[in-house]
Structures are given as structure tokens and as C-alpha cells.
Amino acid sequence: MITVEQARALLFDLVGPLAVEEVPLSRANGRVLAREVTAQRDQPPFDASSMDGYAIKTTEAQKDSMFRVIGESAAGHGFAGTVKAGEAVRIFTGAPMPQGADFVVIQEDVSRNGDLITISDDPGTNPNVRAAGGDFRAGTAMSAPRRLRPQDIALLASMNVARVPVTRKPVIALISTGDELVMPGEEPGPDQIIASNTFGLRAMLEEAGAEPRVLPIARDSHASLETAFDLARGADMIVTIGGASVGDHDLVGEAAGNLGLKRSFYKIAMRPGKPLMAGRMGDAAMVGLPGNPVSAIVCGYLFLVPMVHAMLGLGAHTPALLTARVKGDLGANGPREHYMRAVVKDGVATVFDNQDSAMLGVLAVANALVVRPPNDPALADGAEISYLPI
Ligand SMILES: Nc1nc2c(c(=O)[nH]1)N[C@H]1C(S)=C(S)[C@@H](COP(=O)(O)OP(=O)(O)OC[C@H]3O[C@@H](n4cnc5c(N)ncnc54)[C@H](O)[C@@H]3O)O[C@H]1N2
Ligand code: MOO
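Owing to the predicted nature of the structure, the values given are computational and were not obtained by experimental measurement.

Enquirer: Sorry if this is basic, but what is going on with the overall build of the chain here?
Expert: Of regular secondary structure, the chain possesses seven helices and 28 strands. Over its C-alpha trace the chain gives a radius of gyration of 31 Å, far above what one expects of a compact globule, namely 21 Å for 390 residues. For the chain, with 390 residues in total, the buried portion stands at 39%. Sequence-distant contacts, at least 24 apart, represent 69% of the contacts inside the chain between residues at least 6 apart.

Enquirer: Just to check I follow, could you spell out the sheet that holds strand 23 (residues 284-289) for this structure?
Expert: Within a beta sheet, neighbouring strands are joined by backbone hydrogen bonds and run either parallel or antiparallel to one another. In spatial order, the strands read 18-15-19-23-22-20; together these six strands make up an open sheet with mixed pairing. The open sheet has two free edges, formed respectively by strand 18 (211-214) and strand 20 (262-266), since each of these has just one partner strand. Geometrically, the sheet is characterised by an average inter-axis angle of 20° between neighbouring strands, direction not taken into account. Lying over the sheet, helix 6 (residues 293-311) contacts strand 19 (237-241) and strand 23, oriented at roughly 165° with respect to strand 23.

Enquirer: Help me understand the pairing of strand 27 (residues 368-372), please; the structure alone is not making it clear to me.
Expert: Note on strand geometry: in a regular strand, side chains alternate between the two faces of the sheet. Burial runs high along strand 27: five of the five residues are buried. Because side chains alternate across strand 27, one face comprises the buried residues A368, V370 and R372, and the other comprises L369 and V371, equally buried. Here strand 25 (residues 337-345) pairs with strand 27 via five bridges, running antiparallel. In the strand pairing of strand 27, R341 is matched with L369.

Enquirer: Please clarify how the site of ligand 2 should be interpreted in this entry.
Expert: Residues in contact with ligand 2, as listed here, are R271, P272, G273, K274, P290, N292, S295 and S357. Classifying every residue of the shell around ligand 2 by side-chain character gives two nonpolar, four polar and two charged.

Enquirer: Quick question: what am I supposed to make of the site of ligand 1 here?
Expert: Around ligand 1, a shell composed of 26 residues is seen, among which G242, A244, S245, P290 and G291 lie nearest. At the level of secondary structure, the elements contributing two or more residues to the shell around ligand 1 comprise helix 3 (197-208) and helix 6. Residue composition of the shell around ligand 1, grouped by class: ten nonpolar, 13 polar and three charged.

Enquirer: I'm lost on the environment of A80 in this one. Help?
Expert: Structurally, A80 can be placed in the loop between strand 6 (66-73) and strand 7 (87-91). Once the C-alpha coordinates of A80 and Q99 are considered, the two residues, 19 residues apart in sequence, prove to be 7.9 Å apart.

Enquirer: Just checking my understanding: could you explain the nonpolar core for this structure?
Expert: A general feature of soluble globular proteins is that nonpolar side chains tend to end up buried together. Formed by 82 residues in total, the largest nonpolar core has its most connected members in I175, I238, V239 and V370. Top element by residues in this core is helix 6. It accounts for twelve residues. Excluding residues within four positions of it along the chain, V239 makes contact with I172, A173, L174, I175, L201, V287, L289 and L304. Formed by 21 residues, the second largest nonpolar core is a distinct cluster that contains A61, A95, V110 and I119.

Enquirer: Looking at this structure, how should I read the UniProt feature "domain: MoaB/Mog" (unreviewed entry) in the chain?
Expert: Listed under "domain: MoaB/Mog" (unreviewed entry) in the UniProt record, and renumbered for this structure, are residues 173-310. Taken end to end, residues 173-310 is 34% helix and 25% strand, and its first and last C-alpha atoms sit 17 Å apart.

Enquirer: Please clarify how the domain arrangement of the chain should be interpreted in this entry.
Expert: How large an interface is tends to be reported as the accessible area lost when its parts come together. Each assigned domain of the chain is listed with its residue range as follows: domain 1 (4-17 + 169-311), domain 2 (21-41 + 142-166), domain 3 (48-130) and domain 4 (322-389). Here the C-alpha centre of domain 3 lies 67 Å away from the C-alpha centre of domain 1.

Enquirer: In this structure, what is going on with helix 3? I would like to understand it.
Expert: Helical geometry note: an α-helix holds 3.6 residues per turn, so side chains three or four residues apart project in the same direction. A rise of 1.5 Å per residue sets the reference length of helix 3, with its twelve residues, at 16 Å; its end C-alpha atoms lie 16 Å apart and thus fit the reference within 8%. The set of residues buried in helix 3 consists of N197, T198, L201, L205 and A208. Axial view of helix 3: buried residues confined to an arc of 95°, hence all on one face. In the core, the buried residues of helix 3 are packed alongside strand 15 (171-176), strand 18, strand 19 and helix 6. Where helix 3 ends, the next residue or the one after it, G209, has phi of about 110°, a positive value.

Enquirer: Which parts of the structure should I look at to understand the sheet that holds strand 9 (residues 110-113)?
Expert: With respect to topology, six strands assemble into an open sheet ordered 8-5-7-6-10-9, the strand pairing being mixed. Every interior strand has two partners, whereas the edge strands, strand 8 (103-106) and strand 9, have only one. For this sheet the average axis-to-axis angle between neighbouring strands, irrespective of direction, equals 40°. In this sheet, strand 7 lies alongside strand 5 (residues 53-56) in antiparallel orientation, the contact comprising three bridges. Residue pairing across strands places G53 opposite I91, the latter belonging to strand 7.

Enquirer: Help me understand helix 4 (residues 222-231), please; the structure alone is not making it clear to me.
Expert: Residues of helix 4 that are buried include every one of L225, A228 and F229, and no others. Buried positions in helix 4, seen along its axis, are confined to an arc of 100° and lie on one side of it. Opposite its buried face, helix 4 presents the exposed residues A223 and D230, each directed more than 90 degrees away. In the core, the buried residues of helix 4 are packed alongside strand 15, strand 19 and helix 5 (252-258).

Enquirer: How should unusual backbone geometry be read in this particular structure?
Expert: When glycine is set aside, most residues are seen to have a negative phi, and most peptide bonds are trans. The omega torsion across Q43 and P44 is -10°, close enough to zero to call that bond cis. At the junction of A144 and P145, the peptide bond is cis and its omega measures out at 0° in the coordinates.

Enquirer: When you look at the packing of helix 3 against helix 6 in this model, what are you seeing that I'm missing?
Expert: Packed helices, taken two at a time, are described by the angle between their axes plus the distance between the axes. Running from amino to carboxyl end, helix 3 crosses helix 6 at an angle of 25°, the nearest separation of the two axes being 10 Å. Taken together, the axes of helix 3 and helix 6 lie roughly parallel to each other. Of the two possible hands of crossing, helix 3 and helix 6 adopt the one that is right-handed. Each of N197, G200, L201, M204, L205 and A208 in helix 3 lies in contact with helix 6, whose residues at this interface are P293, A296, I297, G300, L304, V305, V308 and H309. Among the residues forming the contact of helix 3 with helix 6, the class breakdown is ten nonpolar, four polar and no charged.

Rules and cut-offs
- Residues numbered from 1 in each chain as written.
- Chains lettered and ligands numbered in written order.
- Predicted model: local features only at pLDDT ≥ 70, side-chain atom pairs only at ≥ 80, totals over all residues.
- Helix = DSSP H or I, 4+ residues; strand = E, 2+ residues; numbered from the N terminus.
- Rg over C-alpha atoms; globule rule 2.2 N^0.38 Å.
- Buried ≥ 20, exposed ≤ 12 C-beta atoms within 10 Å, placed from the backbone.
- Contact = placed C-beta atoms within 7 Å.
- Pairing = 2+ DSSP bridges.
- Axes fitted to C-alpha atoms, helices over the stretch in contact; angles between N-to-C directions.
- Near = placed C-beta within 6 Å.
- Nonpolar A, V, L, I, M, F, W, Y, C, P; charged D, E, K, R; others polar.
- Core = buried A, V, L, I, M, F, W, Y, C linked by C-beta atoms within 7 Å.
- UniProt positions renumbered as here; feature names shortened; annotations may be inferred.
- Domains from an automatic or database assignment.
- Expected span 1.5 Å × (residues − 1).
- Arc of directions from axis to C-beta.
- Parallel < 35°, antiparallel > 145°, perpendicular 65-115°, else oblique.
- Left-handed = near helix turned anticlockwise from the far one by under 90°.

This is how it looks when you write it as C-alpha cells:
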């Protein structure tokens, strides 16, 4: 069996960055900026006041100086004239500094009588002026690739970039397989359960930036699986769930093979997730996840999310691990890399006793997968471990 690292490398070989498309700024949040974009203007476009007060000359900014107010500069409506010695312009935050003025004395430091003002308190040395281009200049670049966050969207708007080049979202067909499955909300028969993985993975893939499409559940027959694969045509990636193991009803590998799957690998030395399979089916990458709910979700974090990131042009990266100290003793690990459900709090990892790969309840209260290398010896309380936050 290959290692987790080898599997991830082979999975990255199945995908590459997708094409670039343009979207309006209002649709760009969460998308991946595909190439550098540049500011179309300076910000601020003029020297601007950062306070409400009076614009004067710095040389005259002293306590007890008096000025005649000759006009007003408000945001959106500047003052057209020039400020001369002994003159002031009433000014507001964000307004253009008038010609001749380079200091704003805040209104709290001024007493006013009609058109006359007197500086009544020490005005200090901060001119309260934001220089033109102080935030960014025309031509300043926003680097790519990056996943756009709300603050990036605000910066793009300020740069007057109204259409944004982003990487196309990977379309991922999700096929649950199994006679025992029904959709949430349906009435299950006595031998049936609800398809849970499908919805967990859908949420995970959406969060990663993909466009998942949940297809109808495929039954444990070649005909049903062929119909499902047929419906998945056009997807960038096809993900099946279940039917990956060695039982009489585990038909996914065979059905995909009949439809031309070029298998890249089958089975990984990991726990949970051993019966993972992958390959190419026509233009699409195919990943066959094990059906056990925890196995499917763990494989999602370890493999599917990095693949989505690679397709989005964010690079082929291994998920970053953190370190903590283990609480209590941990037994020696077997030959498979073990991803143990745990809670990490204040740098201490408490690993759950129950590591059954069917237990979604345990997974839902975990916030970490503690990684045990193959054949890791027993660990004593306080030993350092690596974990993947989830
Ligand atoms: N003799 C062996 N048996 C098994 C082995 C093995 O090596 N030898 N491996 C075990 C491991 S490890 C895993 S993991 C499972 C994987 O099996 P499959 O991928 O074939 O999955 P199924 O048999 O279809 O289902 C397993 C389990 O998960 C439930 N399931 C399936 N799909 C969903 C879904 N969409 N939502 C919720 N639950 C789902 C299914 O009902 C089963 O309970 O095989 C072991 N066996
Ligand atoms: O490897 Mo299975 O994925 O342990 O439950």
C-alpha cells in the first residue's frame, strides 16, 4: 500500500489549475484571484483632511492665532480658491485640502465668532492630512493567486476594479452508492440509513471553493452505477462514496473500470480511509472514497480539499499540521498512518477512546485529527504530537 504522501502526489497529478473567467466584483468574494490586478487610480486622489476643522498654513498653526474663514471644503465638494496668510477654510473629514493650506486644526481647538476663528488650544504638530496616493498609487498591484476576502473586495472596489479575473470553480459530481441509503428527509425502510457523507462532503467542497453537484444515489448494481457516472459527465472531478472495499456489493471500482477508469492507485496505508481509489475517467479526475462516514470526511480534508485548491490555482500543498501535547498515554500505532479524532484545547490534545470510523457523533465534537505515523511507538502523557485542525 502507498503512503498518504504518495497518494496525495498521485492525486495532484490528476488535476491542474482551471481556466480563468471574469466576474463582477459583487460576485468575487471567496473566489480565487487568478492574476495580478492593478489600481486604476491613486487613493486618496488628492491630499485629504483626516479631521473636521479648519484648513490653514502649518506656519500659522499656533495657539491664539486668528483667521478669517473664506469658504468651505466638504467631502465631494472641494474649495476652489487658495488659502493665504491669515485665512482658513472650514473643512470636513475626507474633503480635499484647499490650495495653500497644509494643516487642519481640529474644531475642538478653535473658538469661532462669525467669520473669525481663534486657535484656543495647542493645535499640536500632526497636520491631520492624508497625502494623495498614501493608501495606494495607480498601478499598485494586488498579487495573485489569493482567495478573496471581504477586505480584498473593498480594496479592489477602491482601486476601481469592477470586473475580477478568477479561476473557474471546479465542478464536482458527488455520487453516493448503496442500496441502504436514502436522502435526508425521506422515510428510510427498516434496513436503511440516511446518506450523510454526501452532505458533509458537499459542505466541505463548497467551503473549499468548488461547485459540488449531488447526484441521485446509485444503487449497488452496475446499471445504476453506470447511470450515475453518465450523469456526472462534464464534471471536473467525480467523487463516489462507498462501494470501495472488497465485499460482493462493492462494485464502484469494477463499474468505473468498465467505463474506462485509468486507475492511479487503490488502497492507502492510512486509517481511516484505506480503500481509497483514484484515477482518470475521460477528462475528469475520479476519486472513490470509502463509505464509512468518518473515513469519507477525513479523506475529504486530506485529499479532496487540497485537490480543489490545486484546481483553483492555489498550488499543490499538503495541509498544514500544528503541534500539541497529548493528554494521557497513547498505545503504539499499527502499520497505517492513523488520523485520530481528538479535541485540542490550550495546546493539549485529548484523543477520543472511540476511533470507530462510523462514528459521526465523535467526529462532530472533535476539532483535530492527531496524526500518528506508521508504527509510531507508544506515547506517554505530555509527548508532542502533530495534528490537523478540522
Ligand atoms: N473484509 C474487509 N472488509 C472491509 C475492509 C477490508 O479491508 N476487508 N475495509 C473496511 C474499511 S477500512 C472500510 S473504510 C469500509 C469501506 O467500505 P466501502 O467503501 O465499500 O463502503 P460501504 O461498504 O459501501 O459502506 C461502509 C459503511 O458506510 C456506510 N455508508 C456508505 N455510504 C454512505 C453515505 N453516503 N452516507 C452515510 N453512510 C454511508 C454504509 O452504510 C456502511 O455502513 O469497508 C470495511 N470493510
Ligand atoms: O479505513 Mo476504513 O476507512 O478504517 O474505516
